[in-house]
Amino acid sequence: MASTAISSASTPFIHKIDVAAVAAFSSPSHFHIRSAATAQTRNRSLRVVSVMAPAQTDRNPSTTGSVKTGMTVTEKILARASQKSKLSPGENVWVDVDVLMTHDVCGPGAFGTFKKEFGDNAKVWDREKIVVIPDHYIFTSDERANRNVDILRDHCKEQDIKYFYDITDLGNFKANPDYKGVCHVALAQEGHCRPGEVLLGTDSHTCTAGAFGQFATGIGNTDAGFVLGTGKILLKVPPTLRFVMDGEMPDYLLAKDLILQIIGEISVAGATYKSMEFVGSTVESLTMEERMTLCNMVVEAGGKNGVVPADSTTHKYLEDKTSMPYEPVYSDAGASFLSEYRFEITKLEPLVAKPHSPDNRALARECKDVKIDRVYIGSCTGGKTEDFLAAARVFSASGKKVKVPTFLVPATQKVWVDLYTLPVPGTGGKTCSQIFEEAGCDTPTSPSCGACLGGPRDTYARLRVDNK
């Protein structure tokens, strides 16, 4: 007898359903496009209390045929990319890669591995499926950091890489039309994220792209070197955790609150080598940038990848960003999930991750007396246009000056332009830059990863303590 049970939750608005042993029967698997609304409506109607396995009788598979279960979004994407009709968690398969991304920190090592293993005269498997985005240690006088970008430039020129977002003038980022900024945000803005595809990157937060209904995960330099030469990678199919979030999103919440709530529930190891699938009416209401925030932080829970099923919001975002065809996939009604968590979002409050772990969750109001020394608004998680709009609304509503150094690092050139041109709703037409200036914040700086990964000593906003 296989059964499920709703466990007592640590919060009044979450229910966990263990469904590892539950397997529903469905018709033989095949690939097709189904509307996101239909798929997600069916998924939301699932209210598992208990499931009893049917009585088993001896049957000859040769006469009855094999019984097949449904697949999750992640399983379907990997099945299609490995030319398999069916995949289950734990299987190891060779997967065809649609896009490989690398940046200035890992790119030289990845290309170096490629050269070592495939030969000095080898050519990459597909020059149009490789995306190279300098973004980490850019605006610095550090010679070794600058040399990394030079190495990327040499390799991209040699291999005729189509999508190399180069920067040569470090004194004025606006003088570099090809330069973008933070790779995970630039990938989306430049149309490299497409539903149903496999996107790999030499960065742990490559999982951000799962917001587009694709399989996206970070890999190391050695794997990337192999992908550069073959276009393939060996992957183990992860089991899927399903997070159902329903209810109207209060205007005082952001997707960052949602993912901090989840990580606080399951811990930083709770999704280790698992896929995290996000569904529900709340998720459907999120913009693409907010969905990117949600998927960005699955790695902070140990997740292999995060995914939001593609819908009309996804398609609209991509309309002016890519002309390449894509085919979204959706979890079957009979898909098997390792666990399912349900959240009533209307009951959630703003959250904070206290030092020194993302799962050290607390209510923001519980931290009102905590003194802070510096504020940093930026990174692939918090440096998007909508993140700055949210911050600007808070500053505008308070009408006060900041009391600590407040650093602003737009993720990309487009975000930087938005800060100076887009009016902030409810502020009488003021832009983010005007509001930040009135509040006494630092002037928005050049787009990059900034101090997020530390970097050279002259990295903007990095805390520098001189030893004397």
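See the structure shown above.
Residues numbered from 1 in each chain as written. Predicted model: local features only at pLDDT ≥ 70, side-chain atom pairs only at ≥ 80, totals over all residues. Heavy atoms only, no water.

Draft legend 1. A look at the overall build of the protein. Tallying secondary structure elements over the protein gives 15 helices and 18 strands in all. Here the protein holds 468 residues, and the buried ones make up 52% of them. Within the protein, residue pairs in contact and separated by at least 24 positions form 76% of the contacts whose partners lie at least 6 positions apart. As displayed, the protein has an accessible area near 21200 Å², and 52% of this comes from carbon and sulfur atoms. (Helix = DSSP H or I, 4+ residues; strand = E, 2+ residues; numbered from the N terminus. Buried < 20%, exposed > 50% of the residue type's maximum accessible area, 1.4 Å probe, protein only. Contact = heavy atoms within 4.5 Å. Areas by Shrake-Rupley, 256 points an atom, 1.4 Å probe, with all protein chains shown as cover.)

Draft legend 2. Local environment of the sheet that holds strand S6 (residues 130–132). The sheet built from 5 strands is open, its strands ordered S7-S6-S5-S8-S9 with parallel pairing. The outermost strands of the open sheet, each flanked by one partner alone, are strand S7 (163–164) and strand S9 (215–218). For strand S5 (residues 99–102) and S6, the ladder comprises 3 bridges, and the chain directions are parallel. Paired with Leu-100 across the two strands is Ile-130, which belongs to S6. (Pairing = 2+ DSSP bridges.)

Draft legend 3. View of the packing of helix H4 (residues 107–118) against helix H5 (residues 143–159). Their axes nearest at 9 Å, the elements H4 and H5 cross at an angle of 45 degrees. Classed by the angle they form, the pair H4 and H5 counts as oblique. In this structure, the crossing between H4 and H5 has a hand that is left-handed. In contact with Gly-107, Pro-108, Phe-111, Phe-114 and Lys-115 of H4, H5 contributes Asn-148, Ile-151, Leu-152, His-155, Glu-158 and Gln-159. Of the residues that constitute the contact of H4 with H5, the class distribution is 5 nonpolar, 4 polar and 2 charged. (Axes fitted to C-alpha atoms, helices over the stretch in contact; angles between N-to-C directions. Parallel < 35°, antiparallel > 145°, perpendicular 65-115°, else oblique. Left-handed = near helix turned anticlockwise from the far one by under 90°. Nonpolar A, V, L, I, M, F, W, Y, C, P; charged D, E, K, R; others polar.)

Draft legend 4. Representation of the packing of aromatic side chains. Applying the stated criterion across every chain yields a total of 12 aromatic pairs. What links up through ring pairs into an aromatic cluster is the set Trp-94, Phe-114, Phe-118 and Phe-226. One cation-aromatic arrangement involves Lys-174 over Phe-173; the distance from NZ or CZ to the ring centre is 4.7 Å. Across from the ring centre of Tyr-317, 4.0 Å away, lies the NZ or CZ of Lys-321, which sits over that ring. (Phe/Tyr/Trp six-rings, centres within 6.5 Å; stacked < 30°, edge-to-face > 60°. Lys NZ or Arg CZ within 6 Å of the ring centre and 35° of its normal.)

Draft legend 5. The nonpolar core, seen in detail. Phe-212, Phe-243, Met-245, Ile-262, Met-276 and Phe-278 are the most contacted members of the largest nonpolar core, which totals 48 residues. Those elements that place two or more of their residues in this core are S5, helix H6 (183–189), strand S11 (240–246), helix H8 (255–266), strand S12 (275–279), helix H10 (288–296), helix H11 (312–318) and strand S14 (339–344). At 6 residues, H8 tops the list of elements feeding residues into this core. When sequence neighbours within four positions are dropped, the list of residues in contact with Met-245 reads Leu-258, Ile-262, Phe-278, Val-279, Gly-280, Ser-281, Thr-282, Val-283, Leu-294, Phe-343 and Ile-345. Counting residues in hydrophobic clusters, the runner-up holds 34 residues, among them Ala-79, Ala-110, Val-198 and Ile-233. (Core = buried A, V, L, I, M, F, W, Y, C linked by side-chain atoms within 4.5 Å.)

Draft legend 6. Quick look at the pattern of salt bridges. One pass over the structure, following the stated rule, counts 21 salt bridges. Here Glu-128 ties to Arg-127 by a salt bridge, and the two come within 3.8 Å at their closest N and O atoms. The class of Glu-128 is partly exposed, set by a relative accessible area of 41%. Measuring nitrogen to oxygen at the nearest pair gives 3.1 Å for the salt bridge that ties Lys-414 to Asp-418. Taken together, the residues span about one helical turn, with Lys-414 and Asp-418 both in helix H14 (residues 413–421) at a distance of 4 residues. Given the relative accessible area of 46%, Lys-414 is considered partly exposed. For Asp-418, a relative accessible area of 9% puts it in the buried group. One connected set of salt bridges, linked through shared partners, spans Arg-127, Glu-128 and Asp-160. (Salt bridge = Lys/Arg side-chain N within 4 Å of Asp/Glu carboxyl O.)

Draft legend 7. Region of interest: the environment of Cys-449. Mapped onto the fold, Cys-449 is located in the segment after helix H15 (432–439). The exposure class assigned to Cys-449 is buried, which follows from its relative accessible area of 9%. What Cys-449 contacts, discounting residues up to four positions off in sequence, is Asp-135, His-136, Val-182 and Tyr-376.

Draft legend 8. Fine view of the layout of surface pockets. Considering only enclosed or pocket space, the second largest pocket measures out at about 300 Å³ in volume. Lining the second largest pocket are 16 residues, with Glu-128, Lys-129, Tyr-163, Arg-194 and Met-324 positioned closest to its centre. Class assignment of the residues belonging to the lining of the second largest pocket gives a composition of 4 nonpolar, 4 polar and 8 charged. (1 Å grid on protein atoms, 1.4 Å probe; cavity = no way out; pocket = protein on both sides within 12 Å on 5 of 7 lines; lining within 4 Å. Points joined across faces, edges and corners; volume = space filled by probe spheres on them.)

Draft legend 9. How the structure looks around unusual backbone geometry. Of the consecutive residues Pro-355 and His-356, the connecting peptide bond is found in the cis state with omega at 5 degrees. Relative to the assigned elements, His-356 resides in the loop between strand S15 (351–353) and strand S16 (361–363). At Gln-83, a position not held by glycine, the phi torsion is positive, near 60 degrees. Along the polypeptide, Gln-83 turns up in the loop between helix H3 (73–81) and strand S4 (92–96).

Draft legend 10. Structural context of the pairing of S4. Residues Val-93 and Val-95 of S4 are buried on one face, while the alternating residues Asn-92, Trp-94 and Asp-96, pointing to the opposite face, are not. With 5 bridges connecting them, S4 and strand S10 (residues 232–236) associate as antiparallel partners. Paired with Val-93 across the strands is Leu-235, a residue of S10.

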